[in-house]
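Architecture at a glance
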Amino acid sequence: QVQLVESGGGLVQAGGSLRLSCAASGRTFSSYAMGWFRQAPGKEREFVAAISRSGGSTYYADSVKGRFTISRDNAKNTVYLQMNSLKPEDTAVYYCAARLGVVTTLSEYNYWGQGTQVTVSS
């Protein structure tokens, strides 16, 4: 069982930056591929970024490529999402997710956090 707790969301102006963190419980964090997803009001949840167990491979949605960076620190059981050049359309609840095994950009993750709100004003 893995518990995920996101933090770092908030209100920021367009063009600004935020760094989301997701702390995971347990001693086998390095066994899990990690992903970030988001859901805006009235829209379906969508993939944002994912990172392999070792951190050697990363994947991004086209909408955030070049602006967002996913990383992980296996010693701290934490995955991060650095978000730069934020746009109003990035406004959503951001969810961290963990998947035992190989990384995927699909929603096939075993564990999900409670989400953190990111609001970008124009």
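My aim in this report is to walk through the structure given alongside it, one point at a time. Throughout this description, residue numbers start from 1 for each chain and increase along the sequence as written. Predicted model: local features are reported for residues with pLDDT of at least 70 only, side-chain atom pairs are reported and counted for 80 or more only, and whole-chain, interface and lining totals are derived from all residues. Water and hydrogen atoms were dropped before computing side-chain values, which therefore reflect all heavy atoms in the structure.

On to the side chain of threonine 104, then. Runs of H or I in DSSP of at least four residues are treated as helices and runs of E of at least two as strands, each being numbered from the N terminus. Position of threonine 104 relative to the elements: it lies in the loop between β9 (92–100) and β10 (111–112). Using a relative accessible area of 12% as the deciding quantity, one classes threonine 104 as buried. There is a polar contact of 3.1 Å between the side chain of threonine 104 and the backbone nitrogen of leucine 106. Residue contacts are counted whenever heavy atoms from the two residues lie within 4.5 Å of one another. Setting aside anything within four residues of it in sequence, one finds threonine 104 in contact with Phe47, Ala50, Arg99 and Tyr109. Burial classes follow relative accessibility: with a 1.4 Å probe on protein chains only, a residue under 20% of its type's maximum area counts as buried, one over 50% as exposed, and anything between as partly exposed. Counted as a polar contact is a pair of N or O atoms within 3.5 Å, where, for protein atoms, one must be capable of donating a hydrogen and the other of accepting one, and residues adjacent in sequence contribute only when both atoms are in side chains.

Let us now look at the environment of glutamine 82. Residue placement: glutamine 82 occurs in strand β8 (residues 78–83). Note on glutamine 82: relative accessible area 27%, which makes it partly exposed. Counting along the chain gives 11 residues from glutamine 82 to valine 93, while the straight-line C-alpha distance between them is 15 Å. When residues no more than four places from it in sequence are discounted, the contact partners of glutamine 82 are Ser17, Leu18, Arg19, Arg67, Phe68 and Thr69. Side chain to side chain, glutamine 82 and asparagine 84 meet in a polar contact 2.9 Å long.

Okay, the sheet that holds strand β3 (residues 18–24) next. Strands are labelled as partners when DSSP assigns at least two bridges between them. Spatial ordering of the open sheet is given by β1-β3-β8-β7, a layout of four strands whose pairing is antiparallel. Across the chains shown, the open sheet's two edge strands, defined by having one partner strand only, are β1 (4–7) and β7 (68–73). Adjacent strand axes in the sheet meet at a mean angle of 15° when their direction is disregarded. In this sheet, β8 lies alongside β3 in antiparallel orientation, the contact comprising six bridges. Paired with arginine 19 across the strands is glutamine 82, a residue of β8. Axis angles are defined between N-to-C directions and span 0 to 180 degrees, where every axis is a line fitted to C-alpha atoms and, for a helix, only to the segment in contact.

So, about the pattern of salt bridges. Salt bridges, as used here, are contacts in which a Lys or Arg side-chain nitrogen is within 4 Å of a carboxyl oxygen on Asp or Glu. With the rule as written, the count across this model stands at five salt bridges. Between arginine 38 and glutamate 46 there is a salt bridge, with the nearest N and O atoms lying 2.6 Å from each other. Through salt bridges that share partners, Arg38, Glu46, Arg67 and Asp90 make up one connected network.

This paragraph deals with the pairing of β9. Of all nine residues in β9, seven are buried, a share of seventy percent or more. In this structure, strand β4 (residues 32–39) lies alongside β9, joined through eight bridges in antiparallel fashion. From the neighbouring strand, tryptophan 36 faces β9, where its bridge partner is cysteine 96. One ladder, built from three bridges, connects β9 with strand β11 (residues 116–121); its direction is antiparallel. Among the inter-strand pairings, valine 93 is bridged to a residue of β11, identified as glutamine 117.

What follows deals with the side chain of arginine 99. Following the sequence through the fold, arginine 99 ends up in strand β9. Polar side-chain contacts of arginine 99 include one of 2.5 Å to the backbone oxygen of valine 102. Excluding its chain neighbours within four sequence positions, the residues that come into contact with arginine 99 are Ser31, Tyr32, Ala33, Thr104, Glu108, Tyr109 and Asn110.

All quantities given are derived from atomic positions and should not be read as evidence of function.
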